[in-house]
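Breakdown of the fold
What follows is the residue order along each chain.
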Amino acid sequence: MAVDGATIIPVSHSYSSLLLISSLLLPALLVCLLLSTILLRKARLRQLPPSPPSLPLLGHLHLLGTSPHHSLSELSKRYGPLMYLRFGSIPVVVASSPAMARLILQTHDQIFAWRAQPAVPMNLYGCKDMLFSQPGPYWKLIRQICVTDLFGSKRLEAHRPMIVDEVRAMLCDIADAPDKVHVRAKLYAATSTIISRMAIGKRLDEVATQSQADPSYNIVSLLLEAIHLLGLFNVGDYVPWLAWMDLQGCARKSKALSQKLQRVWQEVIDVRRREQHHRGHNTSQEVDFLDVLLSAADRNDAQISDHNIQSILSDMYGAGIDTSTISIEWALGELLTHPLIMKRVQDELDAVVGSSRLVHESDIRQMPYLRAVVKETMRLHPVLPLLVPHMASQQCQVSGFDIPLNAQAYINIWAIGRDPTIWDRPLEFCPERFLDSNIDVRGQHFELLPFGSGRRACPGMILGLNNVQVMLANLIHVFDWTVEDSLSLTEKFGIVLTLADPIIGKASLRVPKHILKAENDVK
Ligand code: HEM
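Analysis parameters
By convention here, each chain's residues receive numbers from 1 onward along its written sequence. Reporting in this predicted model follows two pLDDT cut-offs: at least 70 for local features of residues, and 80 or more for side-chain atom pairs to be given and counted; totals over whole chains, interfaces and linings ignore these cut-offs and use all residues. Think of the side-chain values as coming from all heavy atoms in the structure, minus any hydrogens and water. Runs of E in the DSSP output that reach at least two residues are strands. Runs of H or I that reach at least four are helices, and both are numbered from the N terminus. Working definition: with a 1.4 Å probe on protein chains only, accessible area under 20% of the residue-type maximum means buried, over 50% means exposed, and in between means partly exposed. When checking whether two residues touch, look at their non-hydrogen atoms; a contact exists if any pair is within 4.5 Å. Computed with the Shrake-Rupley method and a 1.4 Å probe, the accessible areas treat only the protein chains shown as cover for residues. The near set for a molecule or strand comprises every residue that places at least one heavy atom within 4 Å of it. Here a polar contact is recorded for every N or O atom pair within 3.5 Å, except that within protein the pair must consist of a potential hydrogen donor and a potential acceptor, and residues adjacent in sequence are included only if both atoms are side-chain atoms. Residues are sorted three ways: Asp, Glu, Lys and Arg are charged, Ala, Val, Leu, Ile, Met, Phe, Trp, Tyr, Cys and Pro are nonpolar, and all the rest, Gly among them, are polar. Each metal site lists N, O and S donors within 2.8 Å (3.2 Å for Na, K and Ca). With water left out of the atoms, a site can look as if it is missing ligands. Scored from 0 to 100, pLDDT records how confident the predictor is in each individual residue. Residues belong to one nonpolar core when they are buried, are Ala, Val, Leu, Ile, Met, Phe, Trp, Tyr or Cys, and are joined through side-chain atoms within 4.5 Å. Axis angles are defined between N-to-C directions and span 0 to 180 degrees, where every axis is a line fitted to C-alpha atoms and, for a helix, only to the segment in contact. Note on convention: near helix rotated counterclockwise from far helix by under a right angle means a left-handed crossing. Clockwise means right-handed. Pairing of aromatic rings covers Phe, Tyr and the six-membered ring of Trp, with a centre-to-centre limit of 6.5 Å; geometry is then stacked below 30 degrees between planes, edge-to-face above 60, and tilted otherwise. By the criterion adopted, a ring carries a charge over it if an Arg CZ or a Lys NZ lies within 6 Å of its centre and within 35 degrees of its normal. UniProt positions are given in the numbering used here, feature names are shortened, and annotations may be inferred rather than shown by experiment. The salt bridge definition used is simple: a Lys or Arg side-chain nitrogen within 4 Å of an Asp or Glu carboxyl oxygen. For two strands to be treated as a pair, DSSP must find at least two bridges joining them. In these notes the angle categories are as follows: under 35 degrees is roughly parallel, over 145 is roughly antiparallel, 65 to 115 is roughly perpendicular, and the rest is oblique.

**Quick word on the overall build of the protein**
Broken down by element type, the protein carries 18 helices and 13 strands. Put simply, the protein has 523 residues, and 50% of those count as buried. Restricting to contacts in the protein with at least 6 residues of sequence separation, those with at least 24 account for 72%. With the model as given, the accessible surface of the protein reaches about 25000 Å², and the carbon-plus-sulfur share is 58%.

Right under this line is the structure:
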């Protein structure tokens, strides 16, 4: 209908058009609103820490090289003490200053106490070992058992005579060696026996020879293979859509290895249950860690299966042996390349211990210079230079930057240990710097964190530190060492940061040989 040339839309028609328009507009508006909320959230998340340019798919993996702790240290000089990177598709933050380390390990400790769970430990132990399990009742329980029952002062005290025996056995072995000594091999044998006797009451090779399972299931080589697999860079962990291809065979190998490990460990557990049955259940007779774990499993409130026990035992060997062995080898390497420092420690040993006995753990308290040598070694050569990666269990802010959910956090303690703004002449091996300083290695001083800090700090710290100090002290108290002039302290990055060339040296006695006999070693 037309009135004065104008078209009048009937009311009913215009109303239905309005309805039509609004029914189209409303969803569009809602979509816009949703999109803008998502974009806004994303924009807020874009306040990521500074980051170098990245490549598609690889992210920043190509920047890591063969010594990631060096490369990350160099990058942090350009991009700052908190960097954002992507390893494949995995978001990563790297902290390279004490302040950033403190924010992650102390201020936001609860958020960052999570771990990534890569394919190898998942296949080996279902990530039910202590190193890879997530914070929660189970992890809390096994950590508490470890801290109080395995590494508590009473338990360490009880194991002290055994440790002294094993250190003495190592020294005798070195004294009797007709030729040069492969120091790492000797240290490895001693530390693995100490850990093994603490964990299951016997040496690892005794487990192998008593094994009723397939004789090819030798626990020593199985554990070594586990450590090797854990140290591999598995592409599938960083580029998840390639994981199904298992390009390096990590998943396949770790599944097969897990079956063998389970059989051998189960045998150890079954034998122990039979022994416990014979001797009756009496917690006062718990002699080693396996006893402790089995009684915890028997208690109603504990959720610890045999498979869990196997995983925890494997962890003790994996985490405890290499770390101590390699720390001692680094310290010896530094002393051999600094004869004046070596002389000063040996003078201290002569004054405190004399030449009529071995060094005991209680002597270490009176040896500030030896303790400073160990700290200085751990500053320059932390065996886990990036700690073990932590993971953010929720989106959070660190130092004003947004950290995405599930970002892995690496703390570059190697870079912190060599930072010239913290340490005077940082590349020099100079134990004196610790003589008038209260800085120690126990996780309270964020400039020196060889054992980490906070919830995930090393539970074996006291045992590890004692072993390092006592074994090192005895190695240089009992022997003078001669090595090739070309002894090099070059690093090799792997599951732990080792010397590229193991120390091979000639040991000559500097104390009377009879003190190596137990009955003559009286304080
Ligand atoms: C010199 C010797 C040692 C050093 C330098 C060392 C260092 C470390 C470091 C840096 C961490 C990771 C901390 C973090 O993620 O922030 C760690 C974790 C761990 N260490 Fe040690 N460690 C040593 C000896 C030992 C020993 C002797 C044992 C046991 C027998 C042990 C068992 C463990 C375990 C089970 C964890 C995982 C803890 C968890 O994730 O909750 N460590 N250690």
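**Some points on the site of the ligand**
Close to the ligand lie 28 residues; R115, R143, H390, R456 and C458 are nearest. Separating an oxygen atom of the ligand from a backbone N or O atom of V388 is a distance of 3.5 Å. A distance of 2.8 Å separates an oxygen atom of the ligand from a polar atom in the side chain of R456. Across the shell around the ligand, the residue classes tally to 18 nonpolar, 7 polar and 3 charged.

**What about the coordination of the iron atom of the ligand?**
Just one protein atom coordinates the iron atom of the ligand, and that atom is C458 (SG), at 2.3 Å. Inspection of the secondary structure assignment puts C458 in the loop between α17 (413-417) and α18 (461-478).

**Brief notes about the confidence of the model for the protein**
Model confidence for the protein is summarised by a mean pLDDT of 89, while 87% of its residues fall at 70 or above. Here residues 1-15 is a poorly scored stretch, pLDDT under 50, and it has 5 contacts once near neighbours within four places are set aside; other chains count. Below a pLDDT of 50 lies the segment residues 36-40, which in the model reaches 0 contacts outside its immediate sequence neighbourhood of four places, other chains included. As a predicted assembly, this complex carries a pTM of 0.89 together with an ipTM value of 0.99.

**Some details on the nonpolar core**
If you look at soluble globular proteins, the nonpolar side chains tend to sit buried side by side. Counting residues in each nonpolar core, the largest one holds 109 residues, and the members touching the most others are F289, L332 and W481. Of the residues forming this core, the biggest block, 13 residues, is contributed by helix α14 (residues 306-336). Here L332 is in contact with V183, M342, L472, L475, I476, W481 and I503, once residues within four sequence places are set aside. One finds Y84, A101, L105 and A407 within the second-largest nonpolar core, a separate group that totals 22 residues.

**Observations concerning the packing of helix α16 (residues 368-380) against α18**
Contact pair α16 / α18: the axes reach a minimum separation of 10 Å and the direction vectors enclose 115°. Our pair here, α16 against α18, has a crossing hand that is right-handed. Together, L370, R371, V373, V374 and M378 of α16 and L465, V468, Q469, L472 and A473 of α18 make up the contact between the two elements. The residue inventory of the contact of α16 with α18, partitioned by class, reads 8 nonpolar, 1 polar and 1 charged.

**Some remarks on the environment of S71**
Within the secondary structure, S71 is located in helix α2 (residues 68-79). Taking the relative accessible area as the measure of exposure, S71 reaches 18% and is therefore buried. Among residues more than four places away in sequence, those in contact with S71 are L63, L64 and G65.

**Re the packing of aromatic side chains**
Under the criterion given, the structure shown has 6 aromatic pairs. Ring-pair connections join several aromatic residues into one group, and the members of that group are F87, F233, Y238 and Y410. A cation over a ring is seen here: K128 above Y138, with NZ or CZ 5.0 Å from the ring centre. In this structure, R379 is placed above the aromatic ring of W423, and the distance from its NZ or CZ to the ring centre is 5.3 Å.

**A short note on the side chain of Q134**
In this fold, Q134 is placed in the loop between α5 (119-125) and α6 (137-150). If near-sequence neighbours (up to four positions away) are discounted, Q134 is found in contact with W114, R115, Q117, W139, M391 and R456.

**Quick look at the UniProt feature "binding site: heme" (unreviewed entry) in the protein**
With numbering matched to this structure, UniProt assigns "binding site: heme" (unreviewed entry) to C458. Leaving out residues up to four positions away in the same chain, C458 has contacts with R143 and F451.

**Some points on the pattern of salt bridges**
Counted by the stated rule, this structure contains 25 salt bridges. With its nearest N and O atoms 2.7 Å apart, the salt bridge here joins D288 to R272. Here D288 is found in the loop between α12 (250-279) and α13 (289-298), whereas its partner R272 is found in helix α12, with 16 residues between them in sequence. For R272, a relative accessible area of 7% translates into the label buried. Here R425 makes a salt bridge to E428, at a shortest N to O gap of 2.7 Å. Bridged by salt links that share partners, the residues R272, E275, D288 and D291 form one connected network.

**Digging into the sheet that holds strand β6 (residues 390-391)**
Sheet architecture is open: 4 strands sit in the order β3-β4-β9-β6, paired in mixed fashion. The open sheet has two edge strands, β3 (82-87) and β6, and neither has a second partner. Judged from the 6 bridges that link them, β3 and strand β4 (residues 90-95) form a sheet pairing that is antiparallel. Residue pairing in the sheet places Y84 in a bridge with V93 of β4. The strands that helix α3 (residues 98-107) touches are β3, β4, β6 and β9 (408-411); relative to β9, the one it contacts most, it runs at about 135°.

**Section: the packing of α12 against α13**
At a minimum axis distance of 11 Å, the contact between α12 and α13 shows a crossing angle of 80°. As the angle between them shows, α12 and α13 are arranged roughly perpendicular. Across from V268, I269, R272, R273, Q276 and R279 in α12, the residues of α13 making contact are L290, D291 and L294. Considering only residue class, the contact of α12 with α13 consists of 4 nonpolar, 1 polar and 4 charged.

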